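A closer look at the structure
The lines below spell out each chain.
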Amino acid sequence: MASFKPTRIQVYPKLGEKVTQDTLYWKNYKAPVQIKEFGAITSIDFSPLAPHTYAVTASTRVHIYGPFSQEPVKAFTRFKDTAYSGRFRSDGQLLVAGCEDSVVRLFDVSGRVAIRMFKGHTKAVHVTDFTSEGYQIMTGSDDYTCRLWDIPNSAELTSYREHTDYVRCGTTSKLNRDLFFTGSYDHTVKLFDARVDKSVMTMDHGQPVESLLLFPSEGLLVSAGGRYVKVWDLLKGGQPLVSLKNHHKTVTGLCLCSNGQRLLSASLDRHVKVYNTTNYKVVHNFDYATSILSLGLAPDDESIVVGMTNGVLSIKHKKSPEDSKGAVQQKRQPAYRVFVKGKNYVPKQDDYLVSKPVRQHLAKYDKQLKKFNVSKALDIAMEQWLRFRKSEIPMAVIKELERRGTLKNALAGRDERELCQLLSFVIWNLVDPRFTAILTTVAEMLLEIYQSTVGMSSLVDRQLLRLHELLDKESECQQELMEVLGMLDVLFASAPPRKEVTLPGDSRANGLALGDAGTHRPQLQTS
Amino acid sequence: MVVHADTRVVQRGGSKINFRRPVITQDSRFLICASGESIKVFSTSTEECIQQLQGHTDLVTGLELNPSNHLQVYSCSEDGTVRLWDFTDGILIRTYNVGSRILSIHVSAKYTGEVFLVVPWKDEQGEFGLVSLNLPPSVGQLVEAKELSCLITDVSAEPKCIAFSPSGEYIASVKDNLLFVYFFRKKKKVYRFALGTADKKGASNAFNCVACHPTDDCIATGHGDGKIRFWRNFNRKKEYTYSTVHWHHSGVNALCFTPGGTNLLSGGLESVLVQWRYAQEGEKDFLPRLGSPITEITVSPDGSLFCTSHADNKITVVQNGNKMSAVIQGLVHGEGVKTELMVDPRSKALVLNGKPGHLQFYCLQRDKQLYNLDIVQQEFIEQSNLDQFEVAAAALDSRGAWLATVEQRSPKELEMNLKLWAFDEQTQSFVLNTTIAAPHDGSISEMRFSPSGQTTLVTVSRDGHFKVWQLTPPDPAEDEEPSWSCDFVGAYHSLVPKCCCFSADGSLLAVSFQEVVTVWSPASWDLLTTLSQPPGAVQNLCFGRLSCSKFLLGSTEQNLLCCWNLLTCSLEWSTSLDVSLLLADPLSENVAAFCCAAQTTDLFVFRPSEPRPNFSQRALCPGRVTRAVFAPRAASLDSCEESSQWLNRCQLYFLTRNTDLLTFLTKTEEERLMASSRQLTIDDSVAMTPFYLLLGKHRKQQQEERDILSSQSGERTLLPQGSVAIKELLHTPAHVLPAATLLCSMFVGSLLLNVSHSREESRPAEEEVESEKEEEDSEEEMEAGPPRPESEEADLRADGPVLTKAQQRELRGAKRLDYSWIKGIMATKP
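Residues numbered from 1 in each chain as written. Chains lettered and ligands numbered in written order. Predicted model: local features only at pLDDT ≥ 70, side-chain atom pairs only at ≥ 80, totals over all residues. Heavy atoms only, no water.

**Some thoughts on the overall build of chain B**
If you tally the helices and strands in chain B, you get 10 helices and 59 strands. The 830 residues of chain B split such that 53% are buried. Considering only contacts within chain B whose residues lie at least 6 apart along the sequence, 44% involve residues at least 24 apart. Surface summary for chain B: the accessible area is close to 37100 Å², and the carbon and sulfur share equals 50%. (Helix = DSSP H or I, 4+ residues; strand = E, 2+ residues; numbered from the N terminus. Buried < 20%, exposed > 50% of the residue type's maximum accessible area, 1.4 Å probe, protein only. Contact = heavy atoms within 4.5 Å. Areas by Shrake-Rupley, 256 points an atom, 1.4 Å probe, with all protein chains shown as cover.)

**A word on the overall build of chain A**
Helices and strands together make up the secondary structure of chain A, namely nine helices and 28 strands. Across the 527 residues of chain A, 45% fall into the buried class. Here the analysis covers contacts within chain A between residues at least 6 apart in sequence; of these, 45% occur between residues at least 24 apart. Total accessible area on chain A stands at roughly 28700 Å², and carbon and sulfur atoms take up 54% of it.

**Description of the sheet that holds strand β2 (residues 41-46) of chain A**
Neighbouring strands of a sheet are bound in pairs by backbone hydrogen bonds; such pairs are parallel or else antiparallel. All names here are of chain A. Taking strand neighbours across the sheet as the criterion, the four strands line up as β2-β3-β4-β5 in an open arrangement whose pairing is antiparallel. Either end of the sheet is taken by a strand with one partner, and the two such strands are β2 and β5 (72-76). Sheet twist, expressed as the mean angle between neighbouring strand axes with direction ignored, is 20°. Pairing geometry for strand β4 (residues 61-65) and β5, over four bridges, is antiparallel. Directly across from I64, in β5, lies its bridge partner K74. (Pairing = 2+ DSSP bridges. Axes fitted to C-alpha atoms, helices over the stretch in contact; angles between N-to-C directions.)

**Looking at the pairing of strand β26 (residues 263-268) of chain B**
Residue and element names in this part refer to chain B. Burial analysis of β26 places six of its six residues in the buried class, the great majority of the element. Burial along β26 is two-sided: N263, L265 and G267 and L264, S266 and G268, pointing in opposite directions, are all buried. Counting the residues that bridge the hairpin from strand β25 (residues 252-257) to β26 gives five residues, and of these G261 lies at a positive phi of roughly 80°. Between β26 and strand β27 (residues 273-277), which follow one another and run antiparallel, lie four residues, and S271 among them has a positive phi close to 55°.

**Some words on the sheet that holds strand β18 (residues 189-194) of chain B**
Residues and elements named next belong to chain B. With respect to topology, four strands assemble into an open sheet ordered β15-β16-β17-β18, the strand pairing being antiparallel. Here the strands that pair on one side only, and so sit at the sheet edges, are β15 (162-164) and β18. Taking each pair of neighbouring strands and ignoring which way they run, the sheet shows an average axis angle of 15°. Strand direction decides the pairing type here: strand β17 (residues 178-183) and β18, joined by six bridges, are antiparallel. Across the sheet, the residue bridging to V181 is Y191, located in β18.

**Some details on the pattern of salt bridges**
Residue and element names in this part refer to chain A. In total, this model carries 34 salt bridges over all chains according to the counting rule given. Notably, a salt bridge pairs D22 with R262, separated by 2.8 Å at the nearest N-O pair. Of this pair, D22 sits in helix α1 (residues 21-27) while R262 sits in strand β23 (residues 262-267), and the two are 240 residues apart along the sequence. Here D22 matches R262 in class, with each residue buried. With its nearest N and O atoms 2.9 Å apart, the salt bridge here joins E156 to R147. Of the residues examined, E156 reaches a relative accessible area of 35% and is grouped as partly exposed. (Salt bridge = Lys/Arg side-chain N within 4 Å of Asp/Glu carboxyl O.)

**So, the packing of aromatic side chains**
Residue and element names in this part refer to chain B. This structure, assessed with the given rule, holds 49 aromatic pairs over all chains. For the pair F116 and F164, a centre-to-centre distance of 4.7 Å together with 45° between the ring planes defines the contact as tilted. Placement of the pair is F116 in strand β11 (residues 114-120) and F164 in strand β15, with a sequence separation of 48 residues. Given the relative accessible area of 14%, F164 is considered buried. What links up through ring pairs into an aromatic cluster is the set F466, F488, Y492, F513, W520 and W525. Lying across the ring of F19, R20 places its NZ or CZ 4.4 Å from the centre. (Phe/Tyr/Trp six-rings, centres within 6.5 Å; stacked < 30°, edge-to-face > 60°. Lys NZ or Arg CZ within 6 Å of the ring centre and 35° of its normal.)

**Some details on the nonpolar core**
Counting 39 residues, the largest nonpolar core has L378, L401, L411, V426, L439, V442 and L446 of chain A as its most contacted members. Elements supplying a minimum of two residues to this core: α3 (364-370), α4 (374-388), α5 (392-404), α6 (407-411), α7 (416-429), α8 (436-450) and α9 (458-494) of chain A. Leave out the neighbours within four places in its chain, and V426 of chain A touches L439, V442, A443, L446 and L467 of chain A. Of all hydrophobic cores here, the second largest spans 19 residues; its members include C621, V625, A628 and F630 of chain B. (Core = buried A, V, L, I, M, F, W, Y, C linked by side-chain atoms within 4.5 Å.)

**What to know about a negative patch on the surface**
Residues and elements named next belong to chain A. A cluster of like negative charges, contributed by E469, D472, E476, E480 and E483, occupies part of the molecular surface. By the element assignment, E469 lies in helix α9. Overall, E469 belongs to the exposed group, its relative accessible area being 52%. (Patch = residues over 30% accessible without salt bridge, like charges linked within 9 Å, V, L, I, M, F, W, Y side chains within 5 Å. Lys, Arg positive; Asp, Glu negative; His and termini not counted. Charge placed at Lys NZ, Arg CZ, Asp CG, Glu CD.)

**So, the packing of α7 of chain A against α9 of chain A**
Two packed helices can be described by the angle between their axes and the distance between those axes. Residue and element names in this part refer to chain A. At their nearest, the axes of α7 and α9 sit 9 Å apart, and the two run at 10° to each other. When the axes of α7 and α9 are compared, the pair comes out roughly parallel. Considering the relative orientation of α7 and α9, their crossing is left-handed. Residues E416, L419, C420, L423, S424, V426 and I427 of α7 lie in contact with α9, whose contacting residues are L459, V460, Q463, L464, R466, L467 and L470. (Parallel < 35°, antiparallel > 145°, perpendicular 65-115°, else oblique. Left-handed = near helix turned anticlockwise from the far one by under 90°.)

**Focus on unusual backbone geometry**
Residue P51 of chain A is bonded to the preceding A50 of chain A through a cis peptide linkage, with omega at 10°. Along the polypeptide, P51 of chain A turns up in the loop between β2 and β3 (54-58). At F372 of chain A, a residue that is not glycine, the phi angle is positive and equals roughly 65°. Positive phi, close to 55°, is recorded for N559 of chain B, a residue that is not glycine. Mapped onto the elements of the fold, N559 of chain B is located in the loop between β50 (551-556) and β51 (560-565).

**Side note on the packing of α5 of chain A against α8 of chain A**
Residue and element names in this part refer to chain A. The contact between α5 and α8 brings their axes to 11 Å, and the two run at 65°. Taken together, the axes of α5 and α8 lie roughly perpendicular to each other. Pair α5 / α8 crosses with left-handed handedness. Within the contact between the two elements, α5 uses M395, I398, K399 and E402 and α8 uses I438, L439 and V442.

**Observations regarding the environment of L148 of chain A**
All names here are of chain A. Structurally, L148 can be placed in strand β12 (residues 146-150). With relative accessibility at 1%, the residue L148 sits in the buried group. Spatially, the C-alpha atoms of L148 and F180 are 9.9 Å apart, while their sequence positions differ by 32 residues.

**Remarks on the environment of A393 of chain B**
Counting through the fold element by element, A393 of chain B comes out in strand β37 (residues 390-396). A C-alpha to C-alpha distance of 9.9 Å links A393 of chain B and R448 of chain B, two positions 55 residues apart in sequence.

**Re α4 of chain A**
Residue and element names in this part refer to chain A. Under the 1.5 Å per step criterion, the end-to-end length of α4 is 21 Å for 15 residues, consistent within 8% with the ideal 21 Å. The set of residues buried in α4 consists of V374, A377, L378, I380, A381, M382 and W385. Looking at the buried residues of α4, the elements they touch are α3, α5, α6 and α7. Once α4 finishes, R389 follows within two positions and takes phi at roughly 55°, a positive value. (Expected span 1.5 Å × (residues − 1).)

**What about the confidence of the model for chain B?**
Residues and elements named next belong to chain B. For chain B, per-residue confidence averages 79 on the pLDDT scale, and residues scoring 70 or more make up 80% of the total. Note on residues 679-686: pLDDT is under 50 here. Beyond four places in sequence and across chains, it has nine contacts. Predicted confidence for residues 713-720 stays below pLDDT 50, and this span has 11 contacts to residues more than four positions away or in other chains. Overall fold confidence (pTM) sits at 0.66, and the ipTM for the predicted complex is 0.71. (pLDDT = per-residue confidence, 0-100.)

**Observations regarding the confidence of the model for chain A**
Averaged over every residue, the pLDDT of chain A is 85; residues scoring 70 or more account for 91%. Within chain A, helix α2 (residues 321-340) of chain A has the poorest average pLDDT of any element, 62, and α9 of chain A the best, 93.

**Considering the side chain of N276 of chain A**
Residue and element names in this part refer to chain A. Considering the arrangement of structural elements, one finds N276 in strand β24 (residues 271-276). Side chain to side chain, N276 and R262 meet in a polar contact 3.5 Å long. Setting aside residues up to four positions removed in sequence, N276 forms contacts with Q261, R262, K281 and V283. (Polar contact = N/O pair within 3.5 Å; in protein donor to acceptor, adjacent residues only side chain to side chain.)

Take a look at the structure:
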């Protein structure tokens, strides 16, 4: 007596992206927290010190948020105009910000009023940053200049006038106190050395540069501008290494994460893309509601902070391991104990083992199929569909019934509600090419069985009309596809054929001219 | 035509074991069933074949236990003899020559001196009569028994249509719509009960089978429409009654009462064993999913075992009415073998279609099914006119690591799955790796693995394409198993391909597209060349092997066998032959061509490079042969005769139209087989006593010693402490040791120098005689000195019945073979 073989649920290949380690990693974030700021968020900077607060620059304010706060823990509001580029010093004590009114302000993080004001730029200052030893400030402005300032006496040290357009981004070296990079709308990225009075390296990005990022080793520089993200090898004198074009609008933000193994880029096209920094392939993608202006990542990827044009700050926190596991365990624990009861008993040496036949667990529909209750099996399968909207199980049961030759029996004898359910299932799945073949049979059978009752129920009639519309639409669609196919055929036919097959020997003896199999090679899969 | 006396076509195994109802012995330990021309005794617990009773020269058609001696069994055969066997020792006791074909045999406990046979009656076609045969009391081996007295004329040939009442009062027989009851007492009167014909839904209510209740006067009959009727009061013609029960949806094939009469077992197409409670038929138990339709049911005399024969050549033993305890499975004869015959390189088993949706692995050496591989993995619903999934093609790669199968069903449009199975070392079976739904739009006509190292599969389909599938290694980042995917799709001028073939090293692939053979390079999938010999589409393709690997053979529809030279791309030779199958021997250059001529098949075995065939046999078997396989031998034969040399390394098996598995047997092989079978029977008949073990080991030891001596003469024998026999002696408890007189001589003998053997070799005949005596009585053996020429005859007479000449010869041969150990003892005796 062989055991009952359960119905095989066909596994269809999953469409869409494949699940990789990266997708699992980046999916492991909680639902985003959204905070509304007063204007477009132009800059996000994380404090290098724990607890890693971050400064968000939007409109005329710089807000500082705690790692899990929903409200700003601190606000710097003494700006006359729109503030830009709020940046922490490496010790997390000082914060510098530029402003539309060309004044650069330096704040003590615990204070409220600017402790220094650096005046000298003639136009809005979009870039500010501390140099690595922390006593100087680098700024870049729309007056095409970038300057170095001394903090203690708030005096201008140097001014570089090499850019020919707005300077909109920049970064300082963390290893050398004299080096800093600026990117400008004149399409160039320049490396300045404070010890000399001109740039030491110039790289042409080809687009207005929006963002710059230095790798921790400072051997590679990443620049973003236009739709391109470019990586430059600084040790080879600024040679371009890669050019990535994965966004379809201007890239506005760059960020490194996971110890420099992944690179994130944010763009106005509402996406944040994650690149592998070894092969520069996109490994993951985040979607946001509106265009993104700034991007920040907490150390250890604890949270992803994204600022958008509509002033919404979106914060995604990583799920803590206890969080993700704890919830599941709490739910399962009692059930697990019940299941395992007595089963983890290890027999002792003298114990006499009485083997018990393993009971076969069957799905509900299989239990009915085993008893040849075809209608009930179909009912249960349809229930599954209603609950989970997964068509695989009802399709497998329908196929099994069809194989047994009892599909008609199972479909017959339904009342109005059940018939409507069946019809809506057919309508839902009929145009899916995986199911079309079998569902046309089902639809034909349903029509054949219930044709005498047409007109007796408005519900059923409505479903039938929907089915009719669907079929009309589908046939139109197919016709269009055939037309496209015809066009493609013309293209293929006019394409030059592959090289002739040449043979070393004389093959006339076999009495047939050589065939050119090459033209038959492109196989068009029509469906 | 050359007659090759040294090779013979024989049927190799695979005979039906479900042809007739098996017999369970009194102690329920053995199951006896008819299997082709022989009778097999199986153990009901271990499923092993214990004894094979050979002697009939035609199909065995019936078996019954001797009612007066439950260790003996009667068998009848189409060769017109009834034979009485002792099935425990495998001895033929008596042969009764009846003279006419016998179709079944019945016995009754009341009439011990009689057997009842069904024989053709009045020389009419399809007319059979039940006759009783008085077995003449005789001591002879061969008995002429021709006194037949007819009981009932016009009976069915099926044994299940006749049932004897246990009390011996009446015989029930059914045919078509009639039930006959024959009473022994009432002046041999036959009552006839007719059932009105009624065809309901295509099923007629004709009688299928009959069974008699062991104690009550009740006859149960099974009908074609699934009903079972219980007949009572049938000893009065007018007042008979019957009641009807109905569960089976199609015909009842088998009925059997349990010995106590409490239950009735029935079975049919549904492959469900139904147990009806007698007299309360509403209650019934089921044993479902027995695998395939039930054809016969037997119950052991104590009622603890049920035995069901199934249509797929299987016997199931059911214990206590609810537990399947053993399955004896022969070669499954399906509806027709759709897959090609293959030999599994690992298990050396023949792989072919088995049960519906399964592949069977059948061991050729042991005539036993090793296992079934479930390909379709769906519940099989036994119902006629249902379109089931069938395994349409299968292929094994050269190492046996991958198996590819195609299953398909075509209700309206073709449903097809290509499955690839990987061999799992741990479970020692194939595990599903990849399923490809709808690999082609049309059915697959041929499928081959590349013989080279890389795993490549080519499928050729009627949709005009051939596809190449390759094992793709998984992404190293993900821990998935490797899976198969399509690598290349090939086509040629939108012609329909028929067959494909890889060259032996896998460097070329030939695909035939109607009249054209295309040759492709598997490295780049470029078309290298085309070969053609119109008219007629190419049917078979086959590359030469080894030294003939430059040749490509093909056969066309227009009865042409062509051989192309691949170096010159031209036709080397062609000949007019209607080839149904071309097959290359994997281990030699030989190619076998099965040709169809005048309704029979001829076989030619040739080398592509030589004009003359090595071997040819006309009229091999009727009908076309389309399935054959070369099975490599475990050890190659060293036959030097030219006509059988081609069988040295491989054995050729082929399937006939009636799915009989035939093979060629060479003379040397046949002799070896006979010798081994004799050896086997003698070995079995000697009980495994400690004495036997002791002496058997001693003999081996002696032989080894002798071998050493013969190579290095004059060397001393081994010291006594090295002798296994002595060790055995010292460690065996005294009460199980043989007589001290014998042991003493052995002991002394082992101490002595070995004398030269030239003396013994000169008089082997004497020792044989002595050894014969010794087996009976070892004490006597010590005195037995001089040869006794008449002792052989005396022994035979003492054995019982006079043996035939052939048997005497056999016995003598056996003696020569087996009792040489005595020689050793004699030699070392002082």
